[in-house]
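# Reading the structure
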Amino acid sequence: MSLREEAARVLKEWPAPSSDQEQLRLTYLDHLAAHPDGMWKPCKEGHVTASALVIDPARGRVLLTLHRKLQMWLQMGGHCEPEDTSLAEAALREAREESGIAQGLTLLPGGPVRLDRHHTPCAWHLDVQYAALAPEGAVAAISDESLDLRWFAYDEVAGVADASVVRLVDRTRALL
């Protein structure tokens, strides 16, 4: 099964938690049906991306990265790569690469947490968002893609990040 087919399967089976998320789910499926290259960065109409919010529930905090290009505090994530076999794998790979936490990250069971469609300087990102549980004692390390990397208490996120990250944190906490 190709990554595009696997992404369509995940999106078809995902139980959207609200009507706006259901609309996005259908938009993503339409995009994949219309664009054979819809998983990949060169697709000018936009592409599916995968991200993961790294969360430490025991300490009530999340790890955010100050994205080098966008200069915004965001969850870990980005473009799918040819070696990715699933959206979940792509999200976990991105979380490991950008957090510096090489071992012990595990995705919250149940599939994606949210969907978020946003425009970047290059194209639309149709982001499939997961949550990754940090292992006890996890030590983060800044990657080349980040200007900074920092743990934030849940109640600090709204003061540093945009509404999409706040919604992701809220939805993840509701699922915990």
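Described in the following lines is the structure provided in the data block. (Residues numbered from 1 in each chain as written. Predicted model: local features only at pLDDT ≥ 70, side-chain atom pairs only at ≥ 80, totals over all residues. Heavy atoms only, no water.)

## Some points on helix H5 (residues 163–175)
Formally: In this text, helices come from DSSP runs of H or I with a minimum length of four residues, and strands from runs of E with a minimum of two, each type numbered from the N-terminal end. For a helix, the expected span equals 1.5 Å multiplied by the residue count minus one. Relative accessibility under 20% of the residue-type maximum defines a buried residue, over 50% an exposed one, and the middle range a partly exposed one, all with a 1.4 Å probe and only protein chains included. The arc under discussion is defined with respect to the helix axis, by the directions toward the C-beta atoms. Contacts: residue pairs with any heavy atoms within 4.5 Å of one another.
The end-to-end C-alpha distance of H5 is 18 Å, a good match for the 18 Å that 13 residues give at a rise of 1.5 Å each. Buried within H5 are the following residues: Ser164, Val165, Leu168, Val169 and Thr172. Burial along H5 is one-sided: seen end-on, the buried residues are contained in an arc of 140°. Those residues of H5 that are buried are in contact with strand E1 (47–56), strand E2 (61–67), strand E3 (73–74), strand E6 (114–119), strand E7 (124–133) and helix H4 (157–160).

## As for the pattern of salt bridges
What counts is decided by this rule: A pair is scored as a salt bridge if a Lys or Arg side-chain nitrogen falls within 4 Å of a carboxyl oxygen belonging to Asp or Glu.
In total, this model carries nine salt bridges according to the counting rule given. A salt bridge links Glu6 to Arg9, with the nearest nitrogen and oxygen atoms 3.1 Å apart. With a gap of three residues between them, Glu6 and Arg9 both fall in helix H1 (residues 3–13), about one helical turn apart. The exposure class of Arg9 is partly exposed, given its relative accessible area of 35%. The shortest N-O distance in the salt bridge between Arg25 and Glu22 comes to 2.8 Å. You can see Arg25 and its partner Glu22 sitting in helix H2 (residues 19–34), three residues apart, about one turn around the helix. Exposure remark for Arg25: the relative accessible area of 11% places this residue in the buried category. A relative accessible area of 26% places Glu22 in the partly exposed class.

Any link to function would need more than the numbers given here.
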